[in-house]
Amino acid sequence: MSAPSAPKNTPKVTEREARQVAEAAREQDWRKPSFAKELFLGRFRLDLIHPHPMPAVDDVRRGEAFLARLRDFCETKIDGALIEREAQIPDEVINGLKELGALGMKIDPKYGGLGLTQVYYNRALSLVGSANPAIGALLSAHQSIGVPQPLKLFGSQEQKDTFLPRLARTDISAFLLTEPDVGSDPARLATSAVPDGSDYILDGVKLWTTNGVVADLLVVMARVPKSDGHKGGITAFVVEADAPGITVENRNAFMGLRGIENGVTRFHRVRVPAANRIGPEGAGLKIALTTLNTGRLSLPAMCVGAGKWCLKIAREWSSVREQWGRPVARHEAVGSKISFIAATTFALEAVVDLASQMADEDRNDIRIEAALAKLYGSEMGCLMADELVQIRGGRGFETAASLAARGERAVPAEQLLRDLRINRIFEGSTEIMHLLIAREAVDAHLKVAGDLIDPEKPLSAKAKAGANAAGFYARWLPQLVTGPGQLPRTYSEFHQSGHPDLSAHLRFVERSSRKLARSTFYAMSRWQGRMETKQGFLGRIVDIGAELFAMSAACVRAEHLRSTGEHGREAYQLADAFCHQSRVRTEELFTRLWSNTDDLDRRVVDAVLAGSYTWLEEGVVDPSGEGPWIADASPGPAARGNVHRTIR
């Protein structure tokens, strides 16, 4: 007999209500230019990213000095094999990172932090993540989405003075949004924060709380009920992790990131001072999304580190492993994989560095660029790790401990594949990232024609929207017919003597940008209000945009390295290889916009859910254990012991 599969107290909301909550949390305006936004509109604004933005000299000096100290720590104090074996980061390692100031990499020096730029913060995560990804996850969860960043952006001066000095040196933080029955649909958030005098009373359960097992301070998203004097809505709070009524009920275990301190946290009648509320009531989701605008860059940064390691192992292994009289790297089937890893690592580093530098300069709105970096990095990181396992063959599938036990080099290739797999899920799954980016990509269209395709809008609103849309499209559509990408000498500075011709790739990007915009317009005209249900189409639109962004970043980085005399010839070669590979993927995606199995797949899904194919499931046994699909998370006192531990 099946057990209940959802918490009893989860709010019931319609699809439209859920969409309205998500829409309200979006940044509505574009006050700064955005390269990626323009790209989706068919306007290739190379001037927004070229010449490559540069960090300040003092930022470089401080950043490089910290990276040198961190590298020494990683090489001498971190035993990745021990963390994998014990499934826990030793306390002395975490305390060593505290002494280095790693908890305060992004915190202003006036609060005791290091004040590193986004560029050097990401490079630090790439470095420490290569030593052990669980450590990278701990530092990222603490600073990218934990307490420091929301306080930096939205906290009061009193909150900054109170908490940031602790967070810079001693206290670990965690971000608590997800619940057992609430993931990417925050409209159904069940954790409550009921006003009580000058306090709020928190009740509820949070799932997958990265750092939650060892955290000292929490950012908690909870729903404040609307009442007299209280606007209500999803609200952010800073909560002391050892407050009475907080219980970490479980330390979760996963296929990868075995050292991650991720748990289930229960709040029962937890009293939180109103002074600990971040921003006004109802601003919680907006705070979370704004925090993630740059916070999302941490995951692709660690994927860059993974790519660099994959390239190193692939090069070393493939030059000594021989088959049929020559090293396996000389066989085309293996060589193409090595080329993919090298070219993709170069491009991914270009994407992360470019987006990070733009974040530091704060001249551009990078919400789409950061989201594309997260999406592209997590997908490509997994592919690179998978290709490394394939290059290593049976040794790629074998654990590092087993390799060492029989006398071979302990290469943790299979561990990397397991560790990277989560990046396609947390901080926005690939599917959610597709929808989030697609929403931003069509924002200009919805601003002028949204009422026109909304079935619930009155005729008067539709008439006004029709007039606005006619004016917008009369100006915009002619721009998509022709452009610089059709002129053979455009972007000539990327065509240097003795180097591959990168200008041809940029012309491809410009032409493809206009083609992408035309495709989006045609789809909106065809499907109108049903466009949001065409998730396969929207995903491909976004993937094309990601490829075009990556090509642009790779070319800009190559020219930057050439102009500064740093491996310019090699950088041009890598950028050229990546762009050729990316163009093949892009052309395939364009084809699949209109030639695909989306409608057929939908019919098959309907039949699966109707039970039409249960006969196909016969002939196997199900090794799953008993229990509900989703644990009951009804509020109340804890029934299990507290596994929270403090690291001091």
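Residues numbered from 1 in each chain as written. Predicted model: local features only at pLDDT ≥ 70, side-chain atom pairs only at ≥ 80, totals over all residues. Heavy atoms only, no water.

1. Some remarks on the overall build of the protein
The number of helices and strands found in the protein is 23 helices and 10 strands. Relative to the compact-globule value of 26 Å for 648 residues, the protein shows a C-alpha radius of gyration of 25 Å, a close match. The principal-axis extents of the C-alpha atoms in the protein amount to approximately 75 × 70 × 65 Å. Counting the 648 residues in the protein, one finds 54% classified as buried. Long-range contacts, defined as pairs at least 24 residues apart, comprise 78% of the intrachain contacts of the protein with a sequence gap of at least 6. Entry remark: accessible area of the protein is about 29100 Å², with carbon and sulfur atoms responsible for 54%. Both charge centroids of the protein, one from 81 positive and one from 80 negative side chains, sit 4 Å from each other. (Helix = DSSP H or I, 4+ residues; strand = E, 2+ residues; numbered from the N terminus. Rg over C-alpha atoms; globule rule 2.2 N^0.38 Å. Buried < 20%, exposed > 50% of the residue type's maximum accessible area, 1.4 Å probe, protein only. Contact = heavy atoms within 4.5 Å. Areas by Shrake-Rupley, 256 points an atom, 1.4 Å probe, with all protein chains shown as cover. Lys, Arg positive; Asp, Glu negative; His and termini not counted. Charge placed at Lys NZ, Arg CZ, Asp CG, Glu CD.)

2. Points about the packing of helix H6 (residues 118-131) against helix H12 (residues 332-361)
Closest axis-to-axis distance for the H6/H12 pair is 7 Å, and the angle between their directions is 140 degrees. Between H6 and H12, the interaxial angle falls into the category oblique. Every residue of H12 that contacts H6 at Gln-118, Val-119, Asn-122 and Arg-123 is listed here: Val-352, Asp-353, Ser-356, Gln-357, Ala-359 and Asp-360. Of the residues belonging to the contact of H6 with H12, the class tally is three nonpolar, four polar and three charged. (Axes fitted to C-alpha atoms, helices over the stretch in contact; angles between N-to-C directions. Parallel < 35°, antiparallel > 145°, perpendicular 65-115°, else oblique. Nonpolar A, V, L, I, M, F, W, Y, C, P; charged D, E, K, R; others polar.)

3. Quick word on unusual backbone geometry
Residues His-50 and Pro-51 are joined by a peptide bond in cis, for which omega reads 0 degrees. If you check the backbone angles, Leu-257 has positive phi at about 50 degrees while not being a glycine. Mapped onto the elements of the fold, Leu-257 is located in the loop between strand E6 (246-251) and strand E7 (262-273). Classification of Leu-257 as buried rests on a relative accessible area of 9%. A positive phi angle is found at Tyr-491, which is not glycine, with a value near 60 degrees.

4. Some thoughts on the pattern of salt bridges
Summed over all chains, the structure comprises 48 salt bridges. Across the salt bridge formed by Arg-367 and Glu-440, the nearest N and O atoms sit 3.6 Å from each other. On the criterion of sequence distance, the pair formed by Arg-367 in helix H13 (residues 367-392) and Glu-440 in helix H17 (residues 430-441) is long-range, its members being 73 residues apart. Classification of Arg-367 as buried rests on a relative accessible area of 6%. When salt bridges with common partners are traced through the structure, they connect Arg-26, Asp-365, Arg-367, Arg-439, Glu-440, Asp-443 and Lys-447 into a single cluster. (Salt bridge = Lys/Arg side-chain N within 4 Å of Asp/Glu carboxyl O.)

5. As for the nonpolar core
Grouped together as the largest cluster of nonpolar side chains are 94 residues, with contacts concentrated most on Leu-372, Phe-494 and Phe-578. Among the elements that make up this core, the one with the highest residue count is helix H21 (residues 535-563) (16 residues). If we skip the residues at most four places from it in the chain, Phe-494 touches Leu-46, His-50, Pro-500, Asp-501, Leu-502, Ser-503, Leu-506, Cys-555, Val-556, Glu-559 and Tyr-572. (Core = buried A, V, L, I, M, F, W, Y, C linked by side-chain atoms within 4.5 Å.)

6. Here we look at the environment of Gly-377
By the secondary structure assignment, Gly-377 is in helix H13. For the pair formed by Gly-377 and Gly-641, sequence separation is 264 residues and the distance between their alpha carbons is 38 Å. Discounting chain neighbours no more than four positions away, the residues touching Gly-377 are Pro-300, Cys-303, Leu-348 and Leu-372.

7. Points about the packing of aromatic side chains
Aromatic ring pairs are reported here in terms of the distance separating the ring centres and the angle at which the planes meet. In this structure the tally under the stated criterion is 13 aromatic pairs. Look at Phe-35 and Phe-44: their rings are 6.0 Å apart centre to centre, the planes differ by 65 degrees, and that puts the pair in the edge-to-face class. Ring geometry for Phe-35 and Phe-549: centres 6.0 Å apart, planes at 45 degrees, overall tilted. In this pair, Phe-35 sits in helix H2 (residues 35-40) while Phe-549 sits in helix H21, placing the two residues 514 residues apart along the sequence. Classification of Phe-35 as buried rests on a relative accessible area of 0%. Relative accessible area serves as the criterion here: at 1%, Phe-549 is assigned to the buried category. One aromatic cluster in this structure is built from Phe-35, Phe-44, Tyr-491 and Phe-549. When the ring centre of Trp-30 is taken as origin, the NZ or CZ atom of Lys-37, which lies over that ring, is 5.4 Å away. (Phe/Tyr/Trp six-rings, centres within 6.5 Å; stacked < 30°, edge-to-face > 60°. Lys NZ or Arg CZ within 6 Å of the ring centre and 35° of its normal.)

8. A look at helix H19 (residues 459-476)
Over its 18 residues, H19 extends 25 Å from the first C-alpha to the last, a length consistent with the 26 Å expected when each residue adds 1.5 Å. Buried within H19 we find Ala-461, Ala-465, Ala-469, Phe-472, Tyr-473 and Trp-476. Buried residues in H19, looked at end-on, bunch into an arc of 90 degrees, giving them a common side. Within H19, the exposed residues directed more than 90 degrees away from the buried face are Leu-459, Ser-460, Ala-463, Lys-464, Ala-467, Ala-474 and Arg-475. Buried residues along H19 sit against helix H18 (443-453) and helix H20 (503-527). (Expected span 1.5 Å × (residues − 1). Arc of directions from axis to C-beta.)

9. Comments concerning the pairing of E7
Where strand E3 (residues 199-210) and E7 come together, nine bridges link them in antiparallel fashion. Bridge pairing in E7 places Ile-201 opposite Arg-271. Bridge analysis of E6 against E7 gives five bridges, and the strand direction is antiparallel. Opposite Ile-246, over in E7, you have Phe-267 as the bridge partner. (Pairing = 2+ DSSP bridges.)

10. Brief notes about the environment of Lys-462
Within the fold, Lys-462 resides in helix H19. A sequence separation of 11 residues divides Lys-462 from Asp-451, and the C-alpha atoms of the two residues are 5.5 Å apart. Apart from the residues lying within four places of it in its own chain, the contact partners of Lys-462 are Asp-451, Leu-452, Ile-453, Asp-454, Pro-455 and Lys-457.

11. Remarks on helix H5 (residues 91-100)
In terms of burial, H5 is a largely internal element, seven of the 10 residues being buried. Every buried residue of H5 is listed here: Val-93, Ile-94, Asn-95, Gly-96, Leu-97, Lys-98 and Leu-100. On its buried face, H5 is in contact with helix H3 (57-77), helix H7 (133-145) and helix H9 (157-169).

12. Quick word on a nonpolar patch on the surface
A grouping of Leu-600, Val-604, Val-605, Val-608 and Leu-609 is seen on the molecular surface, where their side chains present a nonpolar patch of about 450 Å² in accessible area. Considering the arrangement of structural elements, one finds Val-605 in helix H23 (residues 598-609). (Patch = residues over 30% accessible without salt bridge, like charges linked within 9 Å, V, L, I, M, F, W, Y side chains within 5 Å.)

13. Considerations on the packing of H21 against helix H22 (residues 568-594)
In contact at an axis separation of 9 Å, H21 and H22 are set at 165 degrees when each is read in the N-to-C sense. Classified by the interaxial angle, the pair formed by H21 and H22 is roughly antiparallel. The crossing of H21 and H22 is left-handed. Across the contact of H21 with H22, the residue classes break down as 19 nonpolar, three polar and eight charged. (Left-handed = near helix turned anticlockwise from the far one by under 90°.)

14. Notes on the confidence of the model for the protein
The share of residues in the protein with pLDDT of 70 or more is 98%, and the mean pLDDT across the chain is 94. pLDDT under 50 marks residues 1-7. Its contacts with residues more than four places away, or in other chains, come to 15 contacts. (pLDDT = per-residue confidence, 0-100.)

15. Some details on the side chain of Thr-210
Structurally, Thr-210 is set in strand E3. Within the structure, the side chain of Thr-210 is placed 3.1 Å from the side chain of Asn-262, a separation counted as a polar contact. Residues contacting Thr-210, with those up to four places away along its chain left out, are Ala-137, Ala-141, Ala-174, Phe-175, Ile-260, Glu-261 and Asn-262. (Polar contact = N/O pair within 3.5 Å; in protein donor to acceptor, adjacent residues only side chain to side chain.)

16. Brief notes about the state of the cysteines
Put plainly, a disulfide is one covalent bond tying together the sulfur atoms of two cysteines. Scanning all chains against the criterion turns up zero disulfides. Residue Cys-303 stays outside any disulfide, its sulfur separated by 7.0 Å from that of Cys-382, the closest cysteine. (Disulfide = S-S within 2.5 Å.)

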